[in-house]
Amino acid sequence: MTYLNIILADGANGAEPTLLGLDATGWVYVGVSIFFILCFVVGKVHVKIAQGLDAQIAEKRKALDEAAAIRAEAEALLKEAKSKLAASADDAKNIVTQAESEAANIISDAEAQAKSLVASRQKMAKDKIAAAERNAIADVRGKAASAAVAAATALINANHDGKADKSLIDEAIGKIGENIH
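Residues numbered from 1 in each chain as written. Predicted model: local features only at pLDDT ≥ 70, side-chain atom pairs only at ≥ 80, totals over all residues. Heavy atoms only, no water.

## Re the overall build of the protein chain
Step number 1: Scanning the protein chain from N- to C-terminus turns up four helices and zero strands.
Step number 2: Counting from the amino terminus, helix and strand elements in the protein chain follow one another as α-α-α-α.
Step number 3: For the protein chain, with 181 residues in total, the buried portion stands at 2%.
Step number 4: As presented, the protein chain carries roughly 15500 Å² of accessible surface, and 65% of it is formed by carbon and sulfur atoms. (Helix = DSSP H or I, 4+ residues; strand = E, 2+ residues; numbered from the N terminus. Buried < 20%, exposed > 50% of the residue type's maximum accessible area, 1.4 Å probe, protein only. Areas by Shrake-Rupley, 256 points an atom, 1.4 Å probe, with all protein chains shown as cover.)

So this is what it looks like as structure tokens:
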């Protein structure tokens, strides 16, 4: 009998065929073990797996570092924004305070100018009134003088005649003559 017949004959008796004391399952384990040993020894699969895992770890670390950097940058931007907000609030308060101060100055200047303008207008009005009074007094004096001249003329015409005028003229000429000498 040949070796195969022995194996088959043993299988016919209910026993499984074996080779070198190993059944089919054992030989699968041996084949797989040899395959893995060859992969590790010849193909250096473990190195490639380690390199792949290291690359993935490096990528994950890089991503984590980038995320940490982005977070730090975001926190810095948030802090800067908060400080700018606080500074702008202070600037707004300063602007409001300055505007109120300028408004108060403008109001006080306007009040002073209004008082000055009122005083100036009052002085101008008083000056116009005084000028009008002077003109009125001058007009009254002129009219009074004209009335006095007219009355004097009427009195002189009524009371003086040619004889009275001759004595007045002679008297006036005599006074002029005395003054010349």
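## Quick word on the confidence of the model for the protein chain
Reading predicted coordinates in detail is not appropriate for stretches of low pLDDT.
Step number 1: Summarising the model, the protein chain shows a mean pLDDT of 83, and 88% of its residues fall at 70 or more.
Step number 2: Element-level pLDDT for the protein chain is lowest in helix α1 (residues 3-12), with a mean of 49, against a maximum mean of 89 in helix α3 (residues 45-159). (pLDDT = per-residue confidence, 0-100.)

## Quick notes on a nonpolar patch on the surface
Step number 1: On the surface, a cluster of nonpolar side chains totalling about 970 Å² of accessible area is made up of V28, V32, I34, F35, F36, I37, L38, F40, V41 and V42.
Step number 2: Within the secondary structure layout, V28 lies in helix α2 (residues 24-41). (Patch = residues over 30% accessible without salt bridge, like charges linked within 9 Å, V, L, I, M, F, W, Y side chains within 5 Å. Salt bridge = Lys/Arg side-chain N within 4 Å of Asp/Glu carboxyl O.)

## Observations concerning the pattern of salt bridges
Step number 1: On inspection of all chains with the given rule, the structure shows four salt bridges.
Step number 2: Ionic pairing is found between R71 and E75, a salt bridge with its closest N-O pair at 3.1 Å. Placement of both R71 and E75 in helix α3 is noted, with a separation of four residues, approximately one turn of the helix.
Step number 3: R71 sits in the exposed class, given a relative accessible area of 57%.
Step number 4: Between D127 and K123 there is a salt bridge, with its nearest N and O atoms 3.2 Å apart. A residue pair is termed a helical-turn pair when its members lie 3 or 4 positions apart in one helix, as D127 and K123 do in helix α3 at four residues.

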